[in-house]
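# Observations on chain architecture
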Amino acid sequence: MGGVSAVEPLSPAQLSAWDDAQTPPVAELVAPQVWAIPVPIPAGTIPHTLCYALFGGDGVHLIDPGWGHPDGIRALEAGLASAGAALADVRTVIATHFHPDHLGAAAELRERCGARVVFSRVEQQVLHTETSAEATDISAYRETLRGWGVPEPRWDELIASFGRPSLVASGSPDLAVDDGDVLDLSGHRLHVLATPGHTEGHICLIDEERGLLYSGDHVLPRIYSGVGIGVLPGSDALHDYFHSLDRLAPYDEFVVLPGHEFRFRGLAARRAQVAAHHLRRTREVAALADELGDAPVWDYARRLTWTAGWSGMSGFWLHSALRQTAMHRDYARTASARARLGAAPPA
Ligand SMILES: [Zn+2]
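For every chain, the first residue of the written sequence is number 1, and numbering continues from 1 onward in sequence order. In keeping with the predicted nature of the model, local features appear solely for residues at pLDDT of at least 70, side-chain atom pairs appear and are counted solely at 80 or more, and the whole-chain, interface and lining totals rest on all residues. The side-chain values count all of the structure's non-hydrogen atoms but skip hydrogen atoms and water molecules.

Looking at an unreviewed UniProt entry, one finds the protein named MBL fold metallo-hydrolase, with Microbacterium panaciterrae as its source organism.

Right under this line is the structure:
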């Protein structure tokens with residue numbers, strides 16, 4: 001099988017560790033001067049983040065240092081030690097996005113090693129929005145539930161589940177990057193590619209010389225990343241996400257180094273799978289729109305197919321189902337959605 005037709009796992013150790021919920025080796029050389037270090041996620045639904053340690057002439061540069069937790073820092077220390085470096089050698093910490101399993105350890109590394117923290121300027125705004133008083137205001141959430149048409153007896157469980165994951169303390173980068181910027185890390189030249197969707201300020205990093213794409217959570221080999229988990233007001237996360245998948249086309253032959261699971265080849269195939277997965281939902285919502293029109297999100301959500309079944313949906317899962325439905329309903333009305341649906345007949 002060629003790389004174009006299927007996802008091809010490149011690390012048996014990472015693959016089997018993920019499947020058995022074990023931690024893969026403390027560090028694995030994945031490209032010249034590039035190591036993957038698994039960093040555990042405490043009590044997470046997924047076991048670990050893959051942090052990449054780029055060894056340069058002036059020290060070590062980390063991409064996605066993982067959760068800021070004593071076990072995480074210990075894993076980084078052990079990984080760096082087995083690759084021949086120490087925590088004190090860390091010069092730069094780059095995060096693909098603000099989620100705590102990626103940016104989490106950045107603040108501590110800045111403090112302990114004087115590392116420079118880098119993430120995107122847009123993500124800096126997202127982080128600001130997400131931690132604002134408005135975003136954590138219950139009364140605003142009640143208005144959302146009213147707008148979604150959620151029956152009042154269901155409000156309590158949704159409000160109870162309303163509470164954001166503990167966000168990172170370090171709200172600002174030392175260096176905020178934009179699309180097209182180049183990070184020259186003594187031996188690793190990384191191009192910054194804005195890939196909004198999973199979060200609005202998500203970036204991928206491209207190493208042309210080594211043929212590597214650091215993909216964060218934008219594209220994972222088997223997991224379908226959520227869309228719109230941290231956006232700015234008025235955004236269209238699905239539109240952005242599909243566009244960000246298209247933007248990776250020039251790197252279809254590159255080795256993909258994702259934030260979770262395992263490294264792989266076959267980006268073209270994976271991009272197609274991921275787009276089809278989300279578009280299926282948009283199509284389902286668009287088909288209901290003829291009948292339901294402007295009906296509230298609740299009426300749409302209860303008619304959609306859910307893996308766990310609609311009746312079994314409660315608390316946080318109900319919230320995400322409604323949020324996802326709202327996003328697809330809004331997106332389905334756009335010209336962009338109509339064009340994509342028209343271009344890709346039902347599979
Ligand atoms: Zn993640």
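### Digging into the overall build of the protein
Rules: Helix and strand assignments come from DSSP, with helices taken as H or I runs of at least 4 residues and strands as E runs of at least 2, each series counted from the N terminus. Just to be clear, the radius of gyration here is over C-alpha atoms, and the globule rule we use is 2.2 Å times residues to the power 0.38. Classification of residues uses two cut-offs on accessible area relative to the type maximum, computed with a 1.4 Å probe and protein chains only: under 20% is buried, over 50% is exposed, and between them is partly exposed. We call two residues in contact whenever any of their non-hydrogen atoms come within 4.5 Å of each other. Values of accessible area rely on a 1.4 Å probe in the Shrake-Rupley scheme; residue burial ignores everything except the protein chains shown.
Looking only at helices and strands, the protein has 12 helices and 14 strands in total. Rg of the C-alpha trace for the protein: 20 Å, near the compact-globule value of 20 Å for 347 residues, within the 12% margin. Structurally, the protein occupies a C-alpha span of about 60 × 45 × 40 Å along its principal axes. With 347 residues in all, the protein has 51% of them scored as buried. Summarising the internal contacts of the protein: among those between residues at least 6 apart in sequence, 67% fall at separations of at least 24. On the protein, roughly 14800 Å² of surface is accessible, and the fraction owed to carbon and sulfur atoms is 53%.

### Regarding the packing of helix α9 (residues 267-292) against helix α12 (residues 335-343)
Our working rule: Angular values range over 0 to 180 degrees, each being the angle between N-to-C directions of two axes fitted as lines to C-alpha atoms, with helices fitted over their stretch in contact. Here is the rule for angles: anything less than 35 degrees is roughly parallel, anything more than 145 is roughly antiparallel, 65 through 115 is roughly perpendicular, and the remaining ranges are oblique. Residue polarity follows a fixed list, in which Ala, Val, Leu, Ile, Met, Phe, Trp, Tyr, Cys and Pro are nonpolar, Asp, Glu, Lys and Arg are charged, and the others, Gly among them, are polar.
Contact pair α9 / α12: the axes reach a minimum separation of 11 Å and the direction vectors enclose 105°. Considered as vectors, α9 and α12 are oriented roughly perpendicular to each other. Residues Leu-279, Thr-282, Arg-283 and Ala-286 of α9 form the contact with α12, whose participating residues are Ala-337, Arg-340 and Leu-341. Looking at the contact of α9 with α12, its residues break down into 4 nonpolar, 1 polar and 2 charged.

### Concerning the coordination of the zinc ion
Note the cut-off: The rule for donors is simple: N, O or S, within 2.8 Å of the metal, or within 3.2 Å if the metal is Na, K or Ca. Water isn't counted, so a site may look like it is missing partners.
Distances from the zinc ion to its protein donors, namely Asp-101 (OD), His-102 (NE2), Asp-217 (OD) and His-260 (NE2), fall within the range 2.1 to 2.3 Å. Donor residues for the zinc ion, ordered by position in the chain, follow D-H-x114-D-x42-H. Of the two residues, Asp-101 is situated in helix α3 (residues 100-103) and Asp-217 in the loop between β12 (212-216) and α8 (237-246); the sequence distance between them amounts to 116 residues. Per residue, the accessibility class of Asp-101 equals that of Asp-217, and both read buried.

### Things to note about the pairing of strand β6 (residues 90-94)
Heads up, the condition is: Two strands pair if DSSP finds at least two bridges between them. Here, the term right-handed applies to a crossover whose path from the first strand over the helix to the second runs clockwise when the strands point away from the viewer.
In terms of burial, β6 is largely enclosed, as 4 of its 5 residues are buried. With 4 bridges connecting them, strand β5 (residues 59-63) and β6 associate as parallel partners. From the neighbouring strand, Val-60 faces β6, where its bridge partner is Val-90. In this fold, the crossover linking β5 to β6 by way of helix α2 (residues 70-83) has right-handed handedness.

### Concerning the packing of α9 against helix α11 (residues 315-332)
Between α9 and α11, whose axes approach to 9 Å, the crossing angle comes to 75°. The orientation of α9 relative to α11 falls into the category roughly perpendicular. Contacts between α9 and α11 involve His-278, Arg-281, Thr-282, Val-285 and Ala-286 on the former and, on the latter, Gln-324, His-328, Arg-329, Tyr-331 and Ala-332. Here the contact of α9 with α11 is built from residues that sort into 4 nonpolar, 4 polar and 2 charged.

### Focus: the packing of aromatic side chains
Defined as follows: Planes of paired rings set the category: under 30 degrees apart is stacked, over 60 is edge-to-face and the rest tilted, where pairs are Phe, Tyr or Trp rings (Trp by its six-membered ring) whose centres lie within 6.5 Å. By definition here, charges over rings are those cases where NZ of Lys or CZ of Arg is within 6 Å of the ring centre and within 35 degrees of the ring normal.
For the structure shown, the criterion picks out 7 aromatic pairs. Joined through ring pairs, the aromatic side chains of Trp-298, Trp-306 and Trp-310 make up one cluster. Cation over ring: Arg-281 sits above Trp-306, and NZ or CZ is 4.1 Å from the ring centre.

### Describing the pairing of strand β13 (residues 255-258)
Residues Val-255 and Leu-257 of β13 are buried on one face, and the alternating residues Val-256 and Pro-258, pointing to the opposite face, are buried as well. Where β12 and β13 come together, 4 bridges link them in parallel fashion. Counted as the bridge partner of Gly-216 is Pro-258 from β13. Note on the crossover from β12 through α8 to β13: the handedness is right-handed.

### Looking at the pattern of salt bridges
For clarity, the cut-off: A carboxyl oxygen of Asp or Glu within 4 Å of a side-chain nitrogen of Lys or Arg is what we treat as a salt bridge.
Within the structure shown, the criterion is met by 18 salt bridges. A salt bridge links Asp-184 to Arg-189, with the shortest nitrogen-to-oxygen separation between them at 3.1 Å. The exposed category is assigned to Asp-184, whose relative accessible area is 53%. As a salt-bridge pair, Arg-210 and Asp-207 come within 2.9 Å of each other at their nearest N and O atoms. Residue Asp-207 is classed as buried on the basis of its relative accessible area of 1%. Through salt bridges with shared partners, a single ionic network connects Asp-19, Arg-222 and Glu-261.

### Looking at helix α6 (residues 138-148)
The cut-off we apply is this: This arc describes the spread of directions from the helix axis toward the C-beta atoms.
Listing the buried residues of α6 in full gives Tyr-141, Leu-145 and Trp-148. Seen along its axis, α6 keeps its buried residues to an arc of 65°; they face one direction. Those residues of α6 that are buried are in contact with α7 (155-161), α10 (297-301) and α11. After α6 finishes, the residue Gly-149 shows a positive phi value of roughly 75°.

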